[in-house]
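Examination of the molecular architecture
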Protein chains: 2
Amino acid sequence: MTSRLKIPRKSIYRLSVYSRCLNRLLDNHVETVSSDTLAKAAGVKPAQLRKDLTYLGNFGRRGLGYNVAELWQRINSTMGTNRLLPVVLVGVGNLGSALLSYQGFAKEGFEIIAAFDAEPERRRHRQSAIPIYDMNRLGAFLKSHKVKLAIIAVPAEAAQEVVNRLVSHGIQGILNFSPLLLQSPTDVMVNNVNLAIELENLAYFVR
Amino acid sequence: MTSRLKIPRKSIYRLSVYSRCLNRLLDNHVETVSSDTLAKAAGVKPAQLRKDLTYLGNFGRRGLGYNVAELWQRINSTMGTNRLLPVVLVGVGNLGSALLSYQGFAKEGFEIIAAFDAEPERRRHRQSAIPIYDMNRLGAFLKSHKVKLAIIAVPAEAAQEVVNRLVSHGIQGILNFSPLLLQSPTDVMVNNVNLAIELENLAYFVR
DNA sequence: CTGAATTTGTGAATTTTTTCACAAACTATT
DNA sequence: AATAGTTTGTGAAAAAATTCACAAATTCAG
């Protein structure tokens, strides 16, 4: 089974989840885990877990399960989580500055190496180690640091313009927090996180 | 076609998106819109838009399209976005305090009426209009205010305990920002927002 | 009023995703 | 070494979601 099989997007999401469950098992010095146990921890069905794992090859042992360390290793090398990836943040308002301080990204192998904002007073006020630059330095920075990923946390009305600039300077993946559908070339991937929609969705099912 | 047809979760998500697109059309005083135009704005195929709308009944006009105001009205009344819904926030760290200041929720009909945190110094430091209470007041507050929705932005290790308390006091929907799968009764809905996984996902497809 | 042009609503076809179910492979025990 | 008990890997089945494609309804222009 060749490693360069196209893995469905949903499986990729779940692989991230599995990886986090494995972290906990590693912490507890658990050596092997069955698809049944891991699936329960990840909130999926065992058959689905096994099917997802076939994209990484066959390395479970029948009658025993998976070696936790090996499974972790395989998932993370497939996901490319092994190397530390640089990210830039555009927009240092409420949400943006929270993301700057958020420890979760660093824990998972991402480093926000710089932030950008058009407002001078936002650029001053921070005591974090991460530099905050004016928007006009964006292009040069991206070029010299070869950054591929960006997080956008600017107001809706500025978002499309920011996307255009990011794309023109070689950004290939964008995590978008602005509540708007953004136009982008097909080879640039945009993941939208819309907090209001998530709440709205909950509200509907709650009644 | 009865209104109490079960609408698939994915359609519910998209209806939220359509509603936002309609907002912009309303702002621009556009009176009617075709499935083709609206679908393009929402980033879906026209047939899918029309199929989603059939859950709300038949009210498009062939040859013309949909009345923007009516469509907006129907979507929002189905989604229950018309009334203002109270929400509590648990955890006022980096992410939590950003969510407190985030204007996006209020814009979409949600009001964070109170926040809770176990750390006294976090409860002091804020100048927002939203009160921040100690965790031991959570139960009484939920009971007296009949809140149904909660946002969790506490560290992973505290999350499950918080869920248990929320559930025991009648919370029915939880928006969870902690990077952990939470156990909850089936009649309590949990939507997970895992920022690190979103970035990881982008990173994979970017290479 | 007529005919060309739109656009909806929707069964049917297609594609994607999930789940089932079981043979094959392996472990553990005695 | 034989047997009972697990657990994987995976075709095949089922379910879910998306897309097609077209008749029916309606608009609009002349």
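For the structure itself, look to the data block above.
Right, let's walk through the structure included here. (Residues numbered from 1 in each chain as written. Chains lettered and ligands numbered in written order. Predicted model: local features only at pLDDT ≥ 70, side-chain atom pairs only at ≥ 80, totals over all residues. Heavy atoms only, no water.)

Once that is clear, we can look at the overall build of chain A. Looking only at helices and strands, chain A has 10 helices and eight strands in total. For chain A, the C-alpha atoms occupy an extent of roughly 60 × 50 × 35 Å along the three principal directions. For chain A, with 207 residues in total, the buried portion stands at 50%. For chain A, the exposed surface amounts to about 10500 Å²; the carbon and sulfur share of it is 51%. Mean positive and mean negative side-chain charge positions of chain A (26 and 16 charges, respectively) differ by 8 Å. (Helix = DSSP H or I, 4+ residues; strand = E, 2+ residues; numbered from the N terminus. Buried < 20%, exposed > 50% of the residue type's maximum accessible area, 1.4 Å probe, protein only. Areas by Shrake-Rupley, 256 points an atom, 1.4 Å probe, with all protein chains shown as cover. Lys, Arg positive; Asp, Glu negative; His and termini not counted. Charge placed at Lys NZ, Arg CZ, Asp CG, Glu CD.)

Position of Asn191 of chain B relative to the elements: it lies in strand β8 (residues 189–192). Assessed through its relative accessible area of 2%, Asn191 of chain B is described here as buried. Polar side-chain contacts of Asn191 of chain B include one of 3.3 Å to the side chain of Glu198 of chain A. Polar side-chain contacts of Asn191 of chain B include one of 3.0 Å to the side chain of Arg9 of chain B. Apart from residues no more than four positions distant in its own chain, Asn191 of chain B is found in contact with Glu198, Asn201 and Leu202 of chain A together with Arg9, Tyr13, Ile174, Leu175 and Asn176 of chain B. (Polar contact = N/O pair within 3.5 Å; in protein donor to acceptor, adjacent residues only side chain to side chain. Contact = heavy atoms within 4.5 Å.)

Below, the discussion takes up the sheet that holds strand β8 (residues 189–192) of chain A. Residues and elements named next belong to chain A. Read from one edge of the open sheet, six strands run β5-β4-β3-β6-β7-β8, paired in parallel fashion. A strand with exactly one partner marks an edge of an open sheet, and here the two such strands are β5 (132–133) and β8. Sheet topology note: the strand β4 (residues 110–116)/β5 ladder contains two bridges and is parallel. Bridging from a neighbouring strand, Ala115 pairs with Ile132 of β5. Sheet contacts for helix α8 (residues 138–145): β3 (85–90), β4 and β5; angle to β4, the most-contacted strand, approximately 155 degrees. Packed on one face of the sheet, helix α9 (residues 156–168) meets β3, β6 (149–152) and β7 (173–176) and runs near 170 degrees to β6. (Pairing = 2+ DSSP bridges. Axes fitted to C-alpha atoms, helices over the stretch in contact; angles between N-to-C directions.)

All right, on to the nonpolar core then. Residues Ile151 of chain A together with Ile151 of chain B are the most contacted members of the largest nonpolar core, which totals 54 residues. Ile151 of chain B has contacts with Leu199 of chain A together with Val87, Val88, Leu89, Val90, Leu99, Phe105, Ile112, Leu175 and Phe177 of chain B, leaving out every residue within four places of it along the chain. (Core = buried A, V, L, I, M, F, W, Y, C linked by side-chain atoms within 4.5 Å.)

Everything listed here is a matter of coordinates, which is why it stays silent on function.
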